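Spelled out from the first residue to the last, the chains are:
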Amino acid sequence: MPRSGDEPRTNRHDTIDRIQRTTQATTERRGVAGPKLAIAMLMALAALALIVAGANPGPVTAKKHKHRGKRAGPGLIASDTGTDPDATHFWGKEDCANDSRVQQFTTGGDAHLTATGLPQGDSDFRRMTVFDGDDVWGERCELGWDSRKSPTAFYRPGTHRITAISLRLPSNFPISVNTWQAVMQMKQSGPANNSGGAPIFSLDVWGGRWRLRQALDRTTSTDLRELWSAPAQLNFWTRFIFDVRYSARKKAGYIRVGADLNGDGDISDPGELSRGIHTYTLKLETPGGSPDGLRGGRAIPSHLRAGIYHDDSIPCRSPTGCSVDVDNVQVLRP
Ligand SMILES: [Ca+2]
Ligand SMILES: [Ca+2]
């Protein structure tokens, strides 16, 4: 359990509680099969809610819940469970050396429920692979279009979003290297004078651990710091849930991440939930550069990317290369 002193104010987590209650209602109404999984995901969301309730007991909590309960509840903005043969419908673009680097599989996908509490209804997933010599602005094969027009440019200033994503590291994934290796990014979107440099958030894997990292500052940083980490394992679907308020201002930004490290359907086991962190969650546009419609000092919207992007000194030889599997991606409006 995180220390209570690290907990955010109550109003920041009504959202999680509301998702949990709406999920429960939806699940009951539709009579979803597989109650074990449904209960497991509810436990995951309930775990967050319980932690918040425990940290903030008292009448304020009850009053807020009552008020929020009148609202419609969380809304699903977009979902990719790997069934669409054309990944670009959801992701906008494949930043890979060629088409063969992105594969769709129809068996072996993640078994977790979606973030709405419903089953995916498929066994599909996507696999992205790089080989030594690939150069797509570096050794990279990621889904996602680096543009403010991208369908995955979900993260605008002032918004609060829940992002769920399941990742699997196959046997050919170099889990033990000792250099940077991103498997998911929430990255500032172009065109912008400050769209280069360090991504505002990156989920990396090296030294056998998942590592949530953040750009050292909102402007010109080229390096990142680690906010949270957890042990990673090969050939295992790990589900992540990111609860983020998007802002370039430290007082308004917030991030908390949960990961189902043991695959039991919740994020309440030891080490599965980060503390809530109040920090900048978007980059700031810097003055200058070509006209791009974004003034200096404005927050830059971020977009979601997933796949593999790493230090090109990491060996990814033929015939296997280095791969990452992605499935069960949802973005919700709490
Ligand atoms: Ca799937
Ligand atoms: Ca778990």
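For the structure itself, consult the block above.
Keep in mind it's a predicted model, so treat the numbers as computed, not measured.

What counts and how
- Residues numbered from 1 in each chain as written.
- Chains lettered and ligands numbered in written order.
- Predicted model: local features only at pLDDT ≥ 70, side-chain atom pairs only at ≥ 80, totals over all residues.
- Pairing = 2+ DSSP bridges.
- Helix = DSSP H or I, 4+ residues; strand = E, 2+ residues; numbered from the N terminus.
- Buried ≥ 20, exposed ≤ 12 C-beta atoms within 10 Å, placed from the backbone.
- Contact = placed C-beta atoms within 7 Å.

Remarks on the sheet that holds strand β7 (residues 181–188)
Pairing in this open sheet of seven strands is antiparallel, and the strands run β2-β5-β15-β7-β8-β9-β10 from one edge to the other. Only two strands of the sheet have a single neighbouring strand rather than two, namely β2 (94–95) and β10 (224–231).

Quick look at unusual backbone geometry
Cis geometry is found at the peptide bond from glycine 190 to proline 191, where omega equals -10 degrees. The residue proline 191 is located in the loop between β7 and β8 (201–206) in this model. Phi angles above zero are rare outside glycine, and tryptophan 137 is one such case at about 50 degrees. Among the secondary structure elements, tryptophan 137 is positioned in the loop between β4 (125–130) and β5 (139–143). When the 10 C-beta atoms within 10 Å are taken as the criterion, tryptophan 137 is described as exposed. Despite not being glycine, asparagine 235 has its phi angle at roughly 55 degrees, a positive value. As for its position among the elements, asparagine 235 is in the loop between β10 and β11 (238–245). When the 11 C-beta atoms within 10 Å are taken as the criterion, asparagine 235 is described as exposed.

A word on the environment of arginine 209
Here arginine 209 lies in strand β9 (residues 209–215). The exposure class assigned to arginine 209 is partly exposed, which follows from the 14 C-beta atoms found within 10 Å. Sequence separation of arginine 209 and serine 229 is 20 residues, and the distance between their C-alpha atoms is 6.3 Å. The contacts of arginine 209, once residues within four sequence positions are left out, are Ser229, Ala230, Pro231 and Ala232.

Some points on the pairing of β9
For β9, the buried fraction is high: six of the seven residues fall into the buried class. The sheet contact formed by β8 and β9 spans six bridges and is antiparallel. Its bridge partner lying in β9, serine 202 is registered against arginine 213. Where β8 hands over to β9, the hairpin turn is made up of two residues, of which glycine 207 adopts a positive phi near 55 degrees. Across seven bridges, the pairing between β9 and β10 is antiparallel. Along β10, the bridge assignment pairs glutamine 214 with arginine 225.

It is worth stressing that arrangement in space is one thing and function is another; only the former is reported here.
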